[in-house]
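Observations on chain architecture
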Amino acid sequence: MTQIFQGRSLLKESDYSREELEYLIDLSAHLKSLKKNGIPHHYLEGKNICLLFEKTSTRTRAAFTVAAIDLGAHPEYLGANDIQLGKKESVEDTAIVLGSMFDGIEFRGFSQEMVEGLAKHSGVPVWNGLTDEWHPTQMLADFLTVKENFGELAGINLLYCGDGRNNVANSLLVTGAILGVNVTIATPKSLEPSEKVQKLAQKFADVSKSKLVITDDIDAAAAGTDVIYTDVWVSMGEEDQFEERVKLLKPYQVNMELIEKTKNDDVIFLHCLPAFHDTETIYGKKIAEEFGINEMEVTDEVFRSSHARQFEQAENRMHTIKAVMAATLGNLYIPKV
Ligand code: CP
Ligand code: NVA
């Protein structure tokens, strides 16, 4: 028996091989079908899971909570104002304490170094629930959704439009490259992924034969796209940059014109969420008043269209996070992949 996942952390996608990521996506589909059929899957009975959130969250927090309970484990939420982490106590000391009580730790926050420090010092699996650099659990849900829609991943054309250097864009470029998905990032020159991220992605693309394109020409990039993906123009922690981003990213909005330019009736729309597609939020209202636009990265029309899959994608966060926890903490027999 080879336990290739047990005891491992998920800090970034590039720590996992193509076969391992594909396995986790397929395990997620299996766990999803168990859940849909009401078949119990208490693989983590008696385990305690720590949920550390420096930044806010709806999906990731809900997904870890429900997934942990479905697996028979107990989740405990510790928010930014609940604990000393980084303020009155070092990452190392916090990690040692949490690792002595919990069996696994989820961390969402700003710095990638912090999630890596928790993994280094806690002695238990640590799962990255989003940092400024990467969003690996999001990727498993995204590519599960792509696979559910197209039956395969290799050779699929994914176009990401918007802020090309945020965590989601970084993760899509690298994960797509590992999985053999062709990824185009349409973004202004000033928001291109860093050289480090591009080089890392290209290293994987050379092996998987996926084609990677970084361009500021969104129209040229659209033809033949299977998946159009976007994310907020301003990520958590950058809220002072709305004015500049709205100016820069307006031409990269996902709207029906862009959908039509794909010339693909079966194109699907994905968004990690939350999305600014109307003025039903405080930020949405403020942006409408200040800049005269009612929608940002995606129009309400696309968001509510037959192409939209963002809510299936959001549900898949739970099934994929469950797979990660079950594989890295449970006693599942997982053959070497
Ligand atoms: N997509 C995502 O991570 O959503 P939350 O910020 O709500 O967790
Ligand atoms: N790029 C976004 C993703 C939210 C899930 C952010 O970091 O705010």
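Residues numbered from 1 in each chain as written. Chains lettered and ligands numbered in written order. Predicted model: local features only at pLDDT ≥ 70, side-chain atom pairs only at ≥ 80, totals over all residues. Heavy atoms only, no water.

- If you check an unreviewed UniProt entry, the chain appears there as Ornithine carbamoyltransferase from Bavariicoccus seileri.
- Under the heading Subcellular location (unreviewed entry), UniProt records this for the chain: "Cytoplasm".
- Quoted verbatim from the Catalytic activity (unreviewed entry) heading of the UniProt record, the comment on the chain is "carbamoyl phosphate + L-ornithine = L-citrulline + phosphate + H(+)". (UniProt positions renumbered as here; feature names shortened; annotations may be inferred.)

**Digging into the site of ligand 1**
- Residues in close proximity to ligand 1 include S57, T58, R59, T60, R108, H135, Q138, C272, L273 and R317, which together make up its full environment.
- Contact between ligand 1 and T60: an oxygen atom at 2.7 Å from a side-chain N or O atom of the residue.
- Here C272 contributes a backbone N or O atom positioned 2.8 Å from a nitrogen atom of ligand 1.
- A total of 250 Å² of accessible area belongs to ligand 1 in isolation, and the protein chains cover 96% of it.
- Considering only residue class, the shell around ligand 1 consists of two nonpolar, five polar and three charged. (Near = heavy atom within 4 Å. Polar contact = N/O pair within 3.5 Å; in protein donor to acceptor, adjacent residues only side chain to side chain. Areas by Shrake-Rupley, 256 points an atom, 1.4 Å probe, with all protein chains shown as cover. Nonpolar A, V, L, I, M, F, W, Y, C, P; charged D, E, K, R; others polar.)

**Considering unusual backbone geometry**
- Following L273, the chain continues into P274 via a peptide bond in cis, with omega recorded as 5°.
- In this structure, L130 takes a positive phi of about 120° despite not being glycine.
- Mapped onto the secondary structure, L130 falls in the loop between strand 4 (126-128) and helix 5 (136-150).
- Positive phi outside glycine occurs at K263, with the angle close to 55°.
- Looking at the element boundaries, K263 is found in the loop between helix 10 (256-261) and strand 9 (268-271).
- Its relative accessible area of 74% is what places K263 among the exposed residues. (Helix = DSSP H or I, 4+ residues; strand = E, 2+ residues; numbered from the N terminus. Buried < 20%, exposed > 50% of the residue type's maximum accessible area, 1.4 Å probe, protein only.)

**A few points about the nonpolar core**
- The biggest cluster of nonpolar side chains holds 61 residues, and the ones touching the most others in it are F143, L158 and M325.
- Setting aside chain neighbours within four positions, we find L158 in contact with F143, L172, V181, N182, V183, T184, V227 and Y229.
- Core analysis: the second largest hydrophobic core is formed by 32 residues, L191, V246, Y252 and V254 among them. (Core = buried A, V, L, I, M, F, W, Y, C linked by side-chain atoms within 4.5 Å. Contact = heavy atoms within 4.5 Å.)

**Some remarks on helix 7 (residues 195-208)**
- Taking 1.5 Å of rise per residue, 14 residues should cover 20 Å, and helix 7 covers 20 Å from first to last C-alpha, within 8% of that figure.
- What helix 7 keeps buried is the set V197, A201, F204, A205 and S208. Down the axis, helix 7 shows its buried residues gathered within 105° of arc, on one side only. Those residues of helix 7 that are exposed and angled more than 90 degrees off the buried face are E195, K196, K199, K203 and V207.
- Where the residues of helix 7 are buried, they touch helix 1 (18-36), helix 6 (167-179) and strand 7 (212-215). (Expected span 1.5 Å × (residues − 1). Arc of directions from axis to C-beta.)

**With respect to the environment of L144**
- Among the secondary structure elements, L144 is positioned in helix 5.
- In this structure L144 comes out as buried when scored by relative accessible area, which is 3%.
- Sequence separation between L144 and E192 is 48 residues, and the spatial gap between their C-alpha atoms is 26 Å.
- Excluding residues that lie within four positions of it along the chain, L144 makes contacts with I25, S28, A29, N316 and T320.

**Some words on the UniProt feature "domain: Aspartate/ornithine carbamoyltransferase carbamoyl-P binding" (unreviewed entry) in the chain**
- Per the UniProt record, "domain: Aspartate/ornithine carbamoyltransferase carbamoyl-P binding" (unreviewed entry) is found at residues 8-148.
- Secondary structure across residues 8-148 divides into 47% helix and 14% strand, with the first and last C-alpha atoms of the span separated by 27 Å.

**Here we look at the layout of surface pockets**
- When its volume is computed, the largest pocket comes out at roughly 570 Å³.
- What lines the largest pocket is a set of 27 residues, among which T56, V232, M236, L273 and P274 lie closest to the centre.
- Of all the elements in the fold, those that place two or more residues in the lining of the largest pocket are helix 2 (59-70) and helix 6.
- In the lining of the largest pocket, the residues fall into twelve nonpolar, nine polar and six charged.
- Estimated volume of the second largest pocket: approximately 170 Å³.
- If you go around the second largest pocket, the residues you meet are N157, L158, L159, N182, V183, T184, K211, V213, A220, A221, A223 and T225.
- Partitioning the lining of the second largest pocket into residue classes produces seven nonpolar, four polar and one charged. (1 Å grid on protein atoms, 1.4 Å probe; cavity = no way out; pocket = protein on both sides within 12 Å on 5 of 7 lines; lining within 4 Å. Points joined across faces, edges and corners; volume = space filled by probe spheres on them.)

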